[in-house]
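Close look at the chain arrangement
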Amino acid sequence: MKTITLPIRVAVVYLLATAACSVKTFAQSKDPVVDQIVKEETDNSQLEQMARELFDGIGPRLIGTPQMQKAGDWAVNKYKSWGIDARIEKWGDWRGWERGITHIDMVSPRVKTLEGTQLAWSPSTGKKTVTAEVIILPDVADSNAFKAWLPNVKGKFVMISMNQPTGRSEENWRDYGTKEEIEKMHDERTKATAAWRERIRKTGYTMGVVAGTLPHALEEAGAVGVVSCTWSAGFGVDKIFSANTKKVPTIDIGLEDYTTLFRMIEGGEKPVIAVHAESKELGAMPTFNVVAEIKGSEKPDEYVILSAHFDSWDGGTGATDNGTGTLTMMEAIRILKKVYPNPKRTILVGDWSGEEEGLNGSRAFVEDHPEIVQHIQAVFNQDNGTGRIVNLSGQGFLNSYEYLTRWLSHAPSYIRDSVKTTFPGAPGRGGSDFASFVAAGAPGFSLGSLSWDYGVYTWHTNRDTYDKIVFDEVKKNAILAAIMAYEASEDPQTTSREKSVLPPDRRTGEPVKWPEPVKPNRHGGFN
């Protein structure tokens with residue numbers, strides 16, 4: 001290796017610059033455990049490998065499916081491979097179902113393979129392909145007129161979603177449209193949405209995502225299938241929820257193909273589609289949480305909980321809802337086991353299931369473990385995408401400012417400076433699993449993430465996949481979760497549960513009450 005001799009002044013400048021860069025890179029604190037947490041995630045992150053195994057290998061984790069069972073076993077084995085005790089805790093059962101192949105083609109008046117899939121828990125076409133004309137839900141005068149029209153659905157697929165006037169995202173319109181064009185588009189969309197809602201209302205049935213009655217009415221009248229498009233207001237993205245039919249398939253077709261069919265029918269064509277939708281009914285399948293813990297050395301009966309829901313919808317692979325939250329907490333406890341193996345308080349990870357159907361897994365845990373809930377030091381929950389954590393609310397706990405800001409201050413500045421805090425805040429009443437603990441009076445906190453267009457592109461959609469993960473952001477979240485858990489464990493004081501006085505309801509003027517625990521649904525999906 002050739003030796004280069006630098007002038008003394010240049011050498012000094014070089015060494016100072018190198019030292020400054022090193023300080024910025026490693027951001028050393030006064031606490032060696034915090035430094036080790038940062039170093040372990042920086043040098044030895046397991047996030048990408050876990051993401052490949054869980055999202056690409058196992059896939060989505062719809063409650064009641066074999067994939068959810070496989071994912072539970074995977075998580076337990078992963079924890080145990082790190083020397084962390086882990087278990088599966090059954091809390092009920094759910095309608096078992098397994099997704100198979102979905103293939104949809106337009107076969108007349110021209111041939112085109114359509115983008116789409118069957119909804120979760122959709123009935124199957126079996127091994128056969130169903131070929132039939134597609135028709136649009138009509139605009140009738142009232143429910144009596146709709147009942148008179150219903151025989152027309154026999155032997156046909158029925159489209160029950162509106163024809164969107166634009167397939168471009170809001171952002172795309174803002175970037176390129178004139179003010180007049182944007183206003184015109186908004187006006188057209190608002191009118192079209194209102195008109196379609198009125199069209200549904202006049203049928204006398206409902207179109208709710210979970211319990212809409214219209215799809216069942218159509219299948220009872222002889223329709224061979226129901227066709228929807230729950231567009232998520234972005235390019236190529238639909239939200240994929242559950243079917244409300246019991247005998248015939250419900251399929252979601254992407255906006256581009258759905259609106260093509262719609263326009264063809266309005267133009268006098270009679271398009272025919274061929275649908276092959278395989279799925280299996282599996283009866284009652286056990287529902288469970290995965291629980292992992294590092295036992296406390298001084299206060300083993302007090303708990304710091306790292307919380308995230310493990311289940312997902314299954315249009316994509318549940319990568320950002322809530323795979324990234326799950327991996328954040330798994331990675332945090334892996335790091336803590338390595339650099340902080342003897343915490344003062346017990347550090348527990350809860351990978352909850354059934355969150356998407358009503359926070360059922362965490363509600364069951366709260367109901368089943370009062371001995372843990374009454375001794376919780378803090379719950380940290382993450383569940384809104386791949387972005388870095390930017391919001392932390394006190395959830396209505398009067399003295400949360402004192403301990404949360406103190407714990408947060410120990411995180412590196414490049415992480416903590418992004419976090420906006422709100423104190424005392426208001427208690428969460430839903431949205432994610434921290435609310436189950438807040439309702440029970442336990443200090444549960446949501447680590448809210450930067451959007452990255454989560455609501456449009458990945459929340460409950462067919463595009464929620466590995467490629468949407470921003471790993472640099474998730475690494476920061478794992479570091480922050482580990483530091484907050486460490487600080488909560490070490491804190492000599494027990495956190496206060498004193499609640500703030502909630503402001504009166506703006507509409508009624510009545511005092512707002514603290515949320516109360518809700519009983520979990522322990523036997524679901526069979527209605």
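Residues numbered from 1 in each chain as written. Predicted model: local features only at pLDDT ≥ 70, side-chain atom pairs only at ≥ 80, totals over all residues. Heavy atoms only, no water.

The helix and strand inventory of the protein chain stands at 17 helices and 17 strands. Relative to its length of 527 residues, the protein chain is compact, with a C-alpha radius of gyration of 26 Å against a globular reference of 24 Å. Based on the C-alpha atoms only, the size of the protein chain along its principal axes is roughly 85 × 65 × 50 Å. Within the protein chain, buried positions represent 54% of all 527 residues. Across the protein chain, the 61 positively charged side chains and the 68 negatively charged ones have centroids separated by 1 Å. (Helix = DSSP H or I, 4+ residues; strand = E, 2+ residues; numbered from the N terminus. Rg over C-alpha atoms; globule rule 2.2 N^0.38 Å. Buried < 20%, exposed > 50% of the residue type's maximum accessible area, 1.4 Å probe, protein only. Lys, Arg positive; Asp, Glu negative; His and termini not counted. Charge placed at Lys NZ, Arg CZ, Asp CG, Glu CD.)

On to unusual backbone geometry, then. With an omega of 0 degrees, the peptide bond running from Asp 321 to Asn 322 counts as cis. Positionally, Asn 322 belongs in helix α10 (residues 319–339). Following Phe 423, the chain continues to Pro 424 via a peptide bond in cis, the omega torsion being -5 degrees. Assignment of secondary structure puts Pro 424 in the loop between β15 (420–422) and α15 (434–439).

Moving on to the pattern of salt bridges. As enumerated under the stated definition, the model contains 28 salt bridges in all. The partner of Asp 43 in a salt bridge is Lys 39, and the shortest N-O contact between them spans 2.8 Å. Of this pair, Asp 43 and Lys 39 both sit in helix α2 (residues 32–44), four residues apart, which is roughly one turn of the helix. With a relative accessible area of 48%, Lys 39 lands in the partly exposed category. A salt bridge links Arg 522 to Asp 368, with the shortest nitrogen-to-oxygen separation between them at 2.8 Å. Of this pair, Arg 522 sits in the loop between α17 (471–490) and β17 (523–524) while Asp 368 sits in helix α11 (residues 360–368); the two residues are 154 residues apart in sequence, bridging distant segments of the chain. (Salt bridge = Lys/Arg side-chain N within 4 Å of Asp/Glu carboxyl O.)

Burial along strand β6 (residues 225–228) is two-sided: the residues Gly 225 and Val 227 and Val 226 and Ser 228 are all buried. Sheet topology places strand β5 (residues 157–159) next to β6; three bridges connect them, and they run parallel. Within the sheet, the bridge partner assigned to Phe 157 lies in β6 and is Gly 225. Where β6 meets strand β9 (residues 250–253), three bridges bridge the pair, whose relative direction is parallel. Residue pairing in the sheet places Ser 228 in a bridge with Asp 252 of β9. (Pairing = 2+ DSSP bridges.)

Turning to the packing of aromatic side chains, a few remarks are in order. Counted under the stated rule, the structure contains 19 aromatic pairs. Ring centres 6.4 Å apart and planes at 35 degrees place the aromatic pair Phe 380 and Phe 445 in the tilted group. Taken together, the residues span a long stretch of sequence, with Phe 380 in strand β13 (residues 376–381) and Phe 445 in strand β16 (residues 444–449) at a distance of 65 residues. Ring geometry for Phe 397 and Phe 445: centres 6.2 Å apart, planes at 70 degrees, overall edge-to-face. Of this pair, Phe 397 sits in the loop between β14 (389–393) and α13 (400–408) while Phe 445 is found in strand β16, placing the two residues 48 residues apart along the sequence. There is no split in this pair, since Phe 397 and Phe 445 are both buried. Feature note: the residues Phe 380, Phe 397, Tyr 403, Trp 407, Phe 445 and Trp 514 constitute an aromatic cluster, connected by ring pairs. (Phe/Tyr/Trp six-rings, centres within 6.5 Å; stacked < 30°, edge-to-face > 60°.)

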